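# Notes for the structure review
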Amino acid sequence: KRLIEQFSNIIKLTNEMVKSQNAKLYFVYLPDYFRYSKVKHDLESMKSYKDIIQILENNEIPLIDINKELMEKYPDPLSLYPDGLFAHFNEKGKRLVAETIIKKIYEFEK
């Protein structure tokens, strides 16, 4: 629980600093690879998701949720990783994430 409190403080301070610069903070949530894999693991990152979302809402920070906006809609999320294995996104995955972020920022700014 202590980590989530530290995260909350960091988000609050970061948002205050960004606002003082007359800028806007967007939070991009990149889901864990294991959310889509068949490999068993500790689901702690998924447990923190609701806490993270609540902190962002409390601080009025726009969320770009790659899980909801891209991965849940994509027919084979594991194909966005190199050979479907644990790693960073592959070229196609990076492109789709970037396109999703740009699209969401445009939607927020309307």
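Refer to the structure presented above.
Residues numbered from 1 in each chain as written. Predicted model: local features only at pLDDT ≥ 70, side-chain atom pairs only at ≥ 80, totals over all residues. Heavy atoms only, no water.

Per the counting criterion, the structure on display carries four aromatic pairs. The interplanar angle of 85° and the centroid separation of 5.9 Å between the aromatic rings of Phe7 and Phe27 together place this pair among those described as edge-to-face. With Phe7 in helix H1 (residues 2-20) and Phe27 in strand E1 (residues 27-29), this pair connects stretches of sequence that are 20 residues apart. Relative accessible area serves as the criterion here: at 22%, Phe7 is assigned to the partly exposed category. Residue Phe27 is classed as buried on the basis of its relative accessible area of 19%. With a centroid separation of 4.9 Å and an interplanar angle of 25°, the aromatic rings of Tyr81 and Phe89 are classed as stacked. Summarising the burial analysis for this pair, Tyr81 and Phe89 share the class buried. Seen from the ring of Phe108, Lys104 lies directly overhead, with NZ or CZ sitting 5.4 Å from the centre. (Phe/Tyr/Trp six-rings, centres within 6.5 Å; stacked < 30°, edge-to-face > 60°. Helix = DSSP H or I, 4+ residues; strand = E, 2+ residues; numbered from the N terminus. Buried < 20%, exposed > 50% of the residue type's maximum accessible area, 1.4 Å probe, protein only. Lys NZ or Arg CZ within 6 Å of the ring centre and 35° of its normal.)

Turning to the pattern of salt bridges, a few remarks are in order. When the charged atoms of two side chains lie near each other, side chains of opposite charge can form a pair. Counting across every chain of the model gives six salt bridges. In this structure, Glu69 and Lys104 form a salt bridge, with 3.6 Å as the shortest nitrogen-oxygen distance. With Glu69 in helix H3 (residues 66-71) and Lys104 in helix H4 (residues 91-109), this residue pair connects regions lying 35 residues apart in the sequence. Across the salt bridge formed by Arg95 and Glu99, the nearest N and O atoms sit 3.3 Å from each other. Pair noted here: Arg95 and Glu99 are both in helix H4, with a separation of four residues, about one helical turn. (Salt bridge = Lys/Arg side-chain N within 4 Å of Asp/Glu carboxyl O.)

Turning to the environment of Pro31, a few remarks are in order. Topologically, Pro31 is positioned in the loop between E1 and helix H2 (44-58). Here the alpha-carbon distance between Pro31 and Ile66, two residues 35 residues apart in the chain, equals 6.9 Å. In contact with Pro31, other than residues within four places in its own chain, are Tyr36, Ile66, Asn67, Met71 and Tyr81. (Contact = heavy atoms within 4.5 Å.)

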